[in-house]
Amino acid sequence: MSEPRDAPYPELKTSHTMAHTGRPWTDYKPPPAAPVWAAIEGLGRYYILLAALELDVFDTLQRLGPSSIDEVAGALGAPVDHVRSLLDGVVALGLLDQFTDVYELNDTARRYLVSDGPATMADLVAVAPGPHVNWTRLADTVRHGRPATPIEDDPAGFYVPLVEGTFTTMFRCATRADLKIRYSALRAPSILDLGAGGAPWAIAMLTACPDGSAVVNDLPGVIDVAMAKATEHGVDDRCEFRVGDFHDVDIEADHYDIVVLGHVCRTEGAAGAQHLIARAFEALKPEGRLVLADYFVDVERKFNPHAVIMGTTMMASTERGLCFTHAEFADWIRAAGFVDLRLVEPIGFQQSFVAGKPRGTTSPTTTTRHSTQPERSRA
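Residues numbered from 1 in each chain as written. Predicted model: local features only at pLDDT ≥ 70, side-chain atom pairs only at ≥ 80, totals over all residues. Heavy atoms only, no water.

A. Highlighting helix α4 (residues 69-76). When α4 is considered as a whole, its buried residues turn out to be I69, V72, A73 and L76. Down the axis of α4, the smallest arc covering the buried residues is 95°, so these residues share one side. In α4, the exposed residues that point more than 90 degrees away from the buried face are D70 and G74. Tucked into the core, α4 has its buried residues touching α3 (57-64), β1 (67-68), α5 (80-92) and β3 (102-105). At the exit of α4 stands G77, carrying a positive phi of roughly 65°. (Buried < 20%, exposed > 50% of the residue type's maximum accessible area, 1.4 Å probe, protein only. Helix = DSSP H or I, 4+ residues; strand = E, 2+ residues; numbered from the N terminus. Arc of directions from axis to C-beta. Contact = heavy atoms within 4.5 Å.)

B. A look at the pattern of salt bridges. Evaluated as defined, the whole model comprises 18 salt bridges. A salt bridge links E240 to R242, with the shortest nitrogen-to-oxygen separation between them at 2.9 Å. One continuous salt-bridge network, built from bridges that share partners, spans R146, D153, E268, E319 and R320. (Salt bridge = Lys/Arg side-chain N within 4 Å of Asp/Glu carboxyl O.)

C. Representation of the environment of T267. Relative to the helices and strands, T267 is located in the loop between β8 (256-262) and α13 (269-283). Sequence-wise, T267 and G321 are 54 residues apart; in three dimensions their C-alpha atoms are separated by 4.0 Å. Every residue in contact with T267, bar those within four places of it in the chain, is listed here: E152, Y159, M314, R320 and G321. Within the structure, the side chain of T267 is placed 2.5 Å from the side chain of E268, a separation counted as a polar contact. (Polar contact = N/O pair within 3.5 Å; in protein donor to acceptor, adjacent residues only side chain to side chain.)

D. Spotlight on the sheet that holds strand β10 (residues 339-347). Pairing in this open sheet of seven strands is mixed, and the strands run β6-β5-β4-β8-β9-β11-β10 from one edge to the other. The two strands at the open ends of the sheet, each matched to only one other strand, are β6 (239-243) and β10. On average, each strand axis in the sheet is inclined to that of its neighbour by 20°, with strand direction left out of account. In the sheet, β10 pairs with strand β11 (residues 350-356) via five bridges, with the strands oriented antiparallel. The residue bridging I347 from the neighbouring strand is Q350, located in β11. Across the sheet, helix α12 (residues 223-232) touches β5 (213-218) and β6, and the angle it forms with β6 is around 170°. (Pairing = 2+ DSSP bridges. Axes fitted to C-alpha atoms, helices over the stretch in contact; angles between N-to-C directions.)

E. View of the packing of aromatic side chains. On inspection of all chains with the given rule, the structure shows nine aromatic pairs. Here Y46 and Y47 contribute two aromatic rings whose centre-to-centre distance is 5.1 Å and whose plane-to-plane angle is 80°, an arrangement assigned as edge-to-face. Taking the centre distance of 5.0 Å and the plane angle of 90° together, the rings of F281 and F338 count as edge-to-face. One end of the pair, F281, is in helix α13; the other, F338, is in the loop between α15 (326-335) and β10, with 57 residues separating them in the sequence. Taking relative accessible area as the criterion, F281 reaches 12% and is therefore assigned buried. On the basis of relative accessible area, F338 is assigned to the buried category, the value being 4%. Clustering of aromatic rings is evident, with ring pairs tying together F296, F324, F329, W332 and F353. The aromatic ring of F167 is capped on one face by K229, whose charged end is 4.7 Å from the ring centroid. (Phe/Tyr/Trp six-rings, centres within 6.5 Å; stacked < 30°, edge-to-face > 60°. Lys NZ or Arg CZ within 6 Å of the ring centre and 35° of its normal.)

Purely geometric numbers; function is a separate question.
The structure is reproduced here in structure tokens:
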């Protein structure tokens, strides 16, 4: 029988263990299972947060302050053991603090998860992934190239809560974009916001430009959110709300100082995105500017996981939606005729292309319309 194999340097046994190097004294270390567990636990993590929001855990702790589990359970009207398990899960997510059976909000929860937080995402969490049932059918969507229940079947039913949930973040982004774009320096700008949702960009620009005006466009039902938000911010008297599909709604040519395409291009596929960019070019005055906000993936589609997963989310629930690379968008914008292209990031993970229409360039028609682009479904 051969003698047991051992290292010539026994002191290395304190560091060269299975946990550090895999099987001792071999060249092979098996990969960790952590990425697999992260995917498995991802579903539970999401629904822990969703349940906490549905039960008003964060608003309750904001009202109560640091509280024992009995106090929180009493305020929620739920069994202590179940509330404790849920709150411990939220603590594990890093979204609450807990010390000796006392739970309290941390800075992340105060900013993003209470309903009146300065950058609240409380209403966004439930709707951001799209219809939940579509994720359970993702394999079939990949097989057949179309989701079973695309959001185009009922756009208002999906987009109304989505644009309400995203408004706070997008309005903050649009407001801070002035530091990069300086739209506030324009005199009496005319703004076109296509597929505006809650119109965070148009509202931010009108707030900064007291003599500006805006045409705000979206589908029936969805545009009601823009009307309500514009009224809330006191700019509704300077808005024209133009209902219709952004691919074929009438738009004046050579008329606008700014055209906004805010997180709409990725829903339309490559051809649809290029058509919207072309419409923006035709609508702008010479020297007018395009602002195109979206989630862009890198050329290798792996260094911005947030945008990559957003692309999968679009594929899971839309007929044509995908995310595209910075390079693809840049090529499309230049091909439409734009110049002076640059990329800005007003807040983290929120990027926008800004480009200008050359001086001396005019469009051949007084209104622009398109009849061959597939129309988006309406509720």
